[in-house]
Amino acid sequence: MANWLMAGKRGVIMGLANDKSIAWGIAKACADAGAEMAFTYMGDAFKKRVTPLADQLGVEIMLDCDVSDPASLDAAFGEIEKAWGKIDFIVHAIGFSDKNELRGRYVDTSRENFAMTMDISVYSFTSVMQRAEKLMSDGGSALTLTYYGAEQVMPHYNVMGVAKAALEASVMYLAEDLGKDGIRVNAISAGPIKTLAASGIGDFRYIMKWNELNAPLRRNVTIEDVGKSALYMLSDLGSGVTGETLHVDAGYHVVGMKAVDAPDI
Ligand SMILES: NC(=O)c1ccc[n+]([C@@H]2O[C@H](COP(=O)([O-])OP(=O)(O)OC[C@H]3O[C@@H](n4cnc5c(N)ncnc54)[C@H](O)[C@@H]3O)[C@@H](O)[C@H]2O)c1
Ligand SMILES: Cc1c(CN(C)C(=O)CCc2cnc3c(c2)CCC(=O)N3)oc2ccccc12
């Protein structure tokens, strides 16, 4: 990987849980391209899993940050400001809902889970950008992760689909507000990937198989596929791109009707 692309750039990766995380694919790509990074994780349970990953990439700043807690966000960004003074990029790879409501019908979504899902999966990106904006004194690039369930019904994605639709709209409004300061804001819409957030989902294996058989590339995407496209969005290669949702899904989103030769599952 070209190791000049992110040389001298400093950024924050939020949402690393383990080496299956999409955030890990992005962090590896950015490290290979010469970036310096800080990781945030949620709670001690994740610290012991994230520490060896940070060591592997020479990441020295690791911060506990619960994005649903403004004080936690202030503390984390305060540490980053103290250490670096400014940042060039930020990755928000965070989403959460009550998994018991990611099965069955969307119409049965509870008010409590709707609010919590929107807070953690949508508002948290806006809340992060309120703090990141102050540190992007020379401009910068922000990236969040979304899913096709924002655009079309994906069975049982339910309230997460409504949340991702809101997230994609927030990317456009953040891009408009922050563009004049040279801050670009984009999303990657990734195909299904077997991560911690995907585990505990009932028929995930079926979803993966369906995508593999019906995506134009006839395969599922990997965290490395997402990492490479994230590098384009986070680096100067994406200098003219903002407010965009880029599909990194092996082309699945362009298929309206599966090819007749697609073998049955
Ligand atoms: N795995 C997929 O199929 C897929 C596809 C498209 C988009 N996405 C999105 O990619 C992003 C990353 O998910 P992933 O699949 O890598 O799974 P993951 O479980 O590895 O990452 C999700 C992260 O969100 C963090 N998180 C949850 N609540 C938090 C909170 N309150 N404060 C701080 N962090 C919190 C978790 O600690 C975890 O690190 C999510 O936004 C997800 O919706 C995932
Ligand atoms: C794809 C796909 C995903 C992966 N994806 C795109 C996601 O965005 C993950 C969404 C998610 C959010 N919150 C939780 C969980 C998953 C499971 C564990 C938990 O406790 N909470 O999740 C689905 C749920 C139903 C249907 C498809 C999918």
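Here the structure is shown first, and the text comes after it.
Values in this document were obtained by computation on a predicted structure and should not be read as measured data.

**Student:** Where do I start with the packing of aromatic side chains in this structure?
**Tutor:** The description of an aromatic ring pair rests on the distance of the ring centres and on the angle between the ring planes. The tally for this structure, following the rule as stated, stands at two aromatic pairs. Ring centres of Y147 and Y157 lie 4.8 Å apart, and the angle between their planes is 70°; on these two criteria the pair is classed as edge-to-face. A residue pair is termed long-range when its members are at least 10 positions apart, and Y147 in the loop between β5 (140-146) and α5 (158-178) and Y157 in the loop between β5 and α5 qualify at 10 residues. The pair Y147 / Y157 is uniform in exposure class, with both members buried. On the numbers, 5.9 Å between centres and 85° between planes, the contact of Y148 with Y252 is edge-to-face. One end of the pair, Y148, is in the loop between β5 and α5; the other, Y252, is in the segment after β7 (245-248), with 104 residues separating them in the sequence. Assigned by exposure class, Y148 and Y252 land together as buried.

**Student:** Would you mind showing me how to read the pairing of strand β2 (residues 36-41) here?
**Tutor:** Along any regular strand the residues' side chains alternate between the sheet's two faces. Across the six residues of β2, five count as buried, placing the element largely inside the fold. Pairing between strand β1 (residues 10-14) and β2: five bridges, direction parallel. The partner of M14 across the bridge, within β2, is T40. As paired strands, β2 and strand β3 (residues 61-64) are joined by four bridges and run parallel to one another. Looking at the pairing, T40 lines up with L63 of β3. You can see the chain leave β2, run along helix α2 (residues 44-57) and come back into β3, and the turn it takes is right-handed.

**Student:** What exactly am I supposed to notice about unusual backbone geometry here?
**Tutor:** Leaving glycine aside, a negative phi is the common case for residues, and trans is the common case for peptide bonds. A positive phi angle, near 75°, is found at H156, a position not held by glycine. Here H156 shows up in the loop between β5 and α5. A positive phi is found at R218, a non-glycine position, where the angle reads about 50°. Relative to the helices and strands, R218 resides in the loop between α6 (204-214) and α7 (223-234).

**Student:** Even after reading the chapter, I still don't get the site of ligand 2, so can you show me in this structure?
**Tutor:** Of all residues adjacent to ligand 2, which total 14 residues, the nearest are S97, P155, Y157, A197 and F204. Separating a nitrogen atom of ligand 2 from a backbone N or O atom of S97 is a distance of 2.8 Å. A distance of 2.7 Å is found between an oxygen atom of ligand 2 and a side-chain nitrogen or oxygen belonging to Y157. When the residues that make up the shell around ligand 2 are grouped by side-chain class, the tally is 10 nonpolar, three polar and one charged.

**Student:** What am I meant to see in the site of ligand 1 here?
**Tutor:** Looking at ligand 1, there are 27 residues lining it, with S21, I22, K164, I193 and T195 nearest. Between ligand 1 and I94, the relevant distance is 3.1 Å, taken from an oxygen atom to a main-chain nitrogen or oxygen of the residue. Here ligand 1 has 810 Å² of accessible area as a free molecule, and 93% of this is covered by the chains.

**Student:** Sorry, what's going on with the packing of helix α4 (residues 111-135) against α5 here?
**Tutor:** When two helices pack together, their arrangement is given by the angle between the helix axes and the distance between those axes. The contact between α4 and α5 brings their axes to 9 Å, and the two run at 20°. Overall, the two elements α4 and α5 adopt an arrangement that is roughly parallel. Considering only the axes of α4 and α5, their crossing is right-handed. Facing N113, F114, T117, M118, S121, V122, F125, T126, M129 and E133 of α4, the residues of α5 in contact are V159, M160, V162, A163, A166, L167, S170, V171, L174 and L178. Of the residues in the contact of α4 with α5, the class split is 14 nonpolar, five polar and one charged.

**Student:** So what exactly am I meant to see when it comes to the sheet that holds β2 here?
**Tutor:** Sheets are built from strands that pair by backbone hydrogen bonding, the pairs being arranged parallel or antiparallel. Taken together, seven strands build an open sheet; the order of strands is β3-β2-β1-β4-β5-β6-β7 and the sheet is parallel. The sheet is open, and its two borders are formed by β3 and β7, each paired with just one other strand. Averaged over all neighbouring strand pairs, the angle between strand axes comes to 20°, with direction disregarded. Where strand β4 (residues 89-92) and β5 come together, four bridges link them in parallel fashion. Its bridge partner lying in β5, H92 is registered against T144. Against the sheet, α4 touches β1, β4, β5 and β6 (183-190), its axis set at about 165° to β4.

**Student:** What exactly am I supposed to notice about helix α1 (residues 22-32) here?
**Tutor:** Because each turn of an α-helix spans 3.6 residues, side chains separated by three or four positions in sequence point in the same direction. For α1, the tally of buried residues reaches eight of 11 residues, placing the bulk of the element in the interior. Within α1, the full set of buried residues consists of I22, A23, W24, G25, I26, A27, A29 and C30. Once α1 ends, the next one or two residues include G34, with phi positive near 95°.

What counts, and where the lines are drawn
Residues numbered from 1 in each chain as written. Chains lettered and ligands numbered in written order. Predicted model: local features only at pLDDT ≥ 70, side-chain atom pairs only at ≥ 80, totals over all residues. Heavy atoms only, no water. Phe/Tyr/Trp six-rings, centres within 6.5 Å; stacked < 30°, edge-to-face > 60°. Helix = DSSP H or I, 4+ residues; strand = E, 2+ residues; numbered from the N terminus. Buried < 20%, exposed > 50% of the residue type's maximum accessible area, 1.4 Å probe, protein only. Pairing = 2+ DSSP bridges. Right-handed = clockwise from strand over helix to strand, strands pointing away. Near = heavy atom within 4 Å. Polar contact = N/O pair within 3.5 Å; in protein donor to acceptor, adjacent residues only side chain to side chain. Nonpolar A, V, L, I, M, F, W, Y, C, P; charged D, E, K, R; others polar. Areas by Shrake-Rupley, 256 points an atom, 1.4 Å probe, with all protein chains shown as cover. Axes fitted to C-alpha atoms, helices over the stretch in contact; angles between N-to-C directions. Parallel < 35°, antiparallel > 145°, perpendicular 65-115°, else oblique. Left-handed = near helix turned anticlockwise from the far one by under 90°. Contact = heavy atoms within 4.5 Å.

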